[in-house]
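Chain by chain, the residues:
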Amino acid sequence: MKTAIINSDSYEKHITGDGHPEQPKRVIAIKEKLNKRKDLIWKKPDKVPKNILAMTHSKDYIENLKNSFPQRGLKFLDGDTVVSPESKRAVFEAAGSTIRAIDGIENNQFKNAFCLSRPPGHHAEKEKAMGFCCISNAGVATNYLISKYKYKRIACVDFDVHWGNGNYDVMRGNKNSLYISTHQHPFYPGGGTDKDKGDFNNSLNIPLPAGTNSEQYFNAFDRVLDRLVKYKPDFLLFSAGFDAHKDDPLAQFQLCSKDFYEITRRTLSATNKFTQGKVVSILEGGYDLNALAESANEHINALIEFN
Ligand SMILES: [Zn+2]
């Protein structure tokens, strides 16, 4: 079976203003790279069921969010989370890409999937838009897997260079999920230390210093793999940020594009016997366009290898 890419034109119409690093060109750069491949199938997002949004964020927050998109121009939801008139469709379709991905896997249309979507989601808390993010897309995926398909052990591996405070906030009280993150620390958004264990000892956070190189990263990543093997996930999610790349302008890790193949390969080879290869990966950060496209392509190489 194949690997699917879930994508919509709305992701290119979510305008964030001149000079904003979370820009439409990000998904365009990845799309151009992936379009050259013949081994992928492309699908469009589905709608997110209301009850799934309500399990992920508070009802008030979702109502406020729906009403906060401007008729024209730009609006700031926080210091760096900017939306435009077309953003509403992008925000809800980014969450909806995970729904399409999960349904496609469950219906045997494809083996695994990459959500080529924006805005990203891992900084969006239950009650707060933050850090370019409005909805925790990985949180939506987790709740959909539990609610519709009765999964009980969903692991989310977040290798974005920033801590996914939003994913953590949404998943920490969920007994059926394990949230794991490696990230630069101290750094935006703060937190993500050993103390953040989740309400059910269901989170592993591995803070690493600025300057972390490939060897140091993979030494630390062994802890991620150990925890995954102990947990025996029945479904795997990636919060796939590529801003730990050495060329990324926002952060100071030193990974190269090939390392994202290796992160993915090692994770899948540790978990495939438990998940039967069921994986949904969701785009988070990554702000150097070349590094982003190359790294996402490497990540997808490993998704294809394991399907
Ligand atoms: Zn990031």
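Residues numbered from 1 in each chain as written. Predicted model: local features only at pLDDT ≥ 70, side-chain atom pairs only at ≥ 80, totals over all residues. Heavy atoms only, no water.

I tried to follow unusual backbone geometry on my own but got confused; where do I start?
When glycine is set aside, most residues are seen to have a negative phi, and most peptide bonds are trans. The omega torsion across Arg 118 and Pro 119 is 5°, close enough to zero to call that bond cis. Counting through the fold element by element, Pro 119 comes out in the loop between strand S5 (112-115) and helix H5 (137-149). A cis amide bond, omega 0°, links His 185 with the succeeding residue Pro 186. Locating Pro 186 in the fold gives a position in the loop between strand S7 (177-184) and strand S8 (203-208). Even without a glycine there, the phi angle at Phe 132 is positive, about 75°. (Helix = DSSP H or I, 4+ residues; strand = E, 2+ residues; numbered from the N terminus.)

Explain H5 to me, please; I cannot follow it from the model alone.
A turn of α-helix holds 3.6 residues, and therefore any two residues three or four places apart point the same way. With 13 residues, H5 should cover 18 Å at 1.5 Å per step; its first-to-last C-alpha distance of 17 Å lies within 8% of that length. With 10 of 13 residues buried, H5 lies mostly within the body of the structure. Among the residues making up H5, those that are buried are Asn 137, Ala 138, Gly 139, Val 140, Ala 141, Thr 142, Asn 143, Tyr 144, Leu 145 and Ile 146. Lys 150 sits one or two residues past H5 and shows a positive phi near 60°. (Expected span 1.5 Å × (residues − 1). Buried < 20%, exposed > 50% of the residue type's maximum accessible area, 1.4 Å probe, protein only.)

Just to check I follow, could you spell out the environment of His 20 for this structure?
Its place among the elements puts His 20 in the loop between strand S1 (3-6) and helix H1 (25-35). His 20 gets classed as buried once you look at its relative accessible area, which sits at 12%. For the pair His 20 and Glu 298, spaced 278 residues apart in sequence, the C-alpha to C-alpha distance is 25 Å. His 20 has contacts with Asp 80, Val 82 and Phe 132, leaving out every residue within four places of it along the chain. Only 2.9 Å separates the side chain of His 20 from the backbone oxygen of Asp 80, close enough to count as a polar contact. (Contact = heavy atoms within 4.5 Å. Polar contact = N/O pair within 3.5 Å; in protein donor to acceptor, adjacent residues only side chain to side chain.)

Where do I start with helix H7 (residues 214-231) in this structure?
For H7, built from 18 residues, the straight-helix expectation of 26 Å at 1.5 Å per residue is met to within 8% by its first-to-last C-alpha distance of 25 Å. Of all bends in H7, the biggest is about 25°, found at Ala 220. Three or more residues of H7 are buried, namely Tyr 217, Phe 218, Ala 220, Phe 221, Val 224, Leu 225, Leu 228 and Tyr 231. The inward-facing, buried residues of H7 contact strand S6 (154-158), S7, S8 and helix H8 (257-275). Residue Lys 232 follows H7 closely and has a positive phi angle near 55°. (Bend = angle between axes of the 7 residues up to and from the residue.)

How should the coordination of the zinc ion be read in this particular structure?
Note on metal geometry: ideal angles are 109.5 degrees for four donors arranged tetrahedrally and 90 or 180 degrees for six donors arranged octahedrally. Protein coordination of the zinc ion is provided by Asp 160 (OD), Asp 160 (OD), His 162 (ND1) and Asp 243 (OD), with donor distances spanning 2.0 to 2.7 Å. Mapped onto the polypeptide sequence, the residues donating to the zinc ion form the spacing pattern D-x1-H-x80-D. With Asp 160 in the loop between S6 and helix H6 (165-171) and Asp 243 in the loop between strand S9 (235-240) and H8, this pair connects stretches of sequence that are 83 residues apart. The burial state of Asp 160 is the same as that of Asp 243; both residues are buried. (Donors = N, O, S within 2.8 Å, 3.2 Å for Na, K, Ca; no water.)

Can you help me understand the pairing of strand S2 (residues 40-43) in this one?
A regular strand carries its side chains on alternate faces of the sheet. The pairing of S1 with S2 spans 4 bridges and is classified as parallel. Note that in S2 the partner of Thr 3 across the bridge is Leu 40. (Pairing = 2+ DSSP bridges.)

I keep staring at the nonpolar core and nothing clicks. Help me out?
Within the largest apolar cluster, 46 residues are counted, with the highest numbers of intra-cluster contacts made by Phe 114, Tyr 217, Phe 238 and Phe 242. Among the elements that make up this core, the one with the highest residue count is H7 (8 residues). Excluding residues within four positions of it along the chain, Phe 238 makes contact with Val 157, Phe 159, Thr 264, Thr 267, Leu 268, Val 279, Val 280, Ser 281, Ile 282, His 299 and Leu 303. Grouped together as the second largest cluster of nonpolar side chains are 40 residues, Ala 4, Tyr 61, Ile 102 and Phe 235 included. (Core = buried A, V, L, I, M, F, W, Y, C linked by side-chain atoms within 4.5 Å.)

Just checking my understanding: could you explain the layout of surface pockets for this structure?
Here the idea is plain: a probe the size of a water molecule rolls over the atoms and shows the empty space left. Approximately 210 Å³ is the volume attributed to the largest pocket. The leading source of residues in the lining of the largest pocket is helix H4 (residues 87-106), at 4 residues. Considered class by class, the residues forming the lining of the largest pocket number 3 nonpolar, no polar and 7 charged. What lines the second largest pocket is a set of 15 residues, among which His 123, Phe 132, His 162, Tyr 188 and Leu 250 lie closest to the centre. For the lining of the second largest pocket, the class distribution of residues is 6 nonpolar, 5 polar and 4 charged. (1 Å grid on protein atoms, 1.4 Å probe; cavity = no way out; pocket = protein on both sides within 12 Å on 5 of 7 lines; lining within 4 Å. Points joined across faces, edges and corners; volume = space filled by probe spheres on them. Nonpolar A, V, L, I, M, F, W, Y, C, P; charged D, E, K, R; others polar.)

Would you mind going over the sheet that holds S2 with me for this structure?
Across a sheet, paired strands are connected by hydrogen bonds in the backbone, their directions being either parallel or antiparallel. The 8 strands lie next to each other as S2-S1-S5-S10-S9-S6-S7-S8, forming an open sheet whose pairing is parallel. Whereas interior strands pair on both sides, the edge strands pair on one side only; in this sheet they are S2 and S8. Looking at each pair of strands side by side, their axes are set apart by 15° on average, direction ignored. Pairing between S9 and strand S10 (residues 279-283): 5 bridges, direction parallel. From the neighbouring strand, Ser 239 faces S10, where its bridge partner is Ile 282. The sheet contacts of H8 involve S6, S9 and S10, and relative to S9 the element is tilted by about 160°. (Axes fitted to C-alpha atoms, helices over the stretch in contact; angles between N-to-C directions.)

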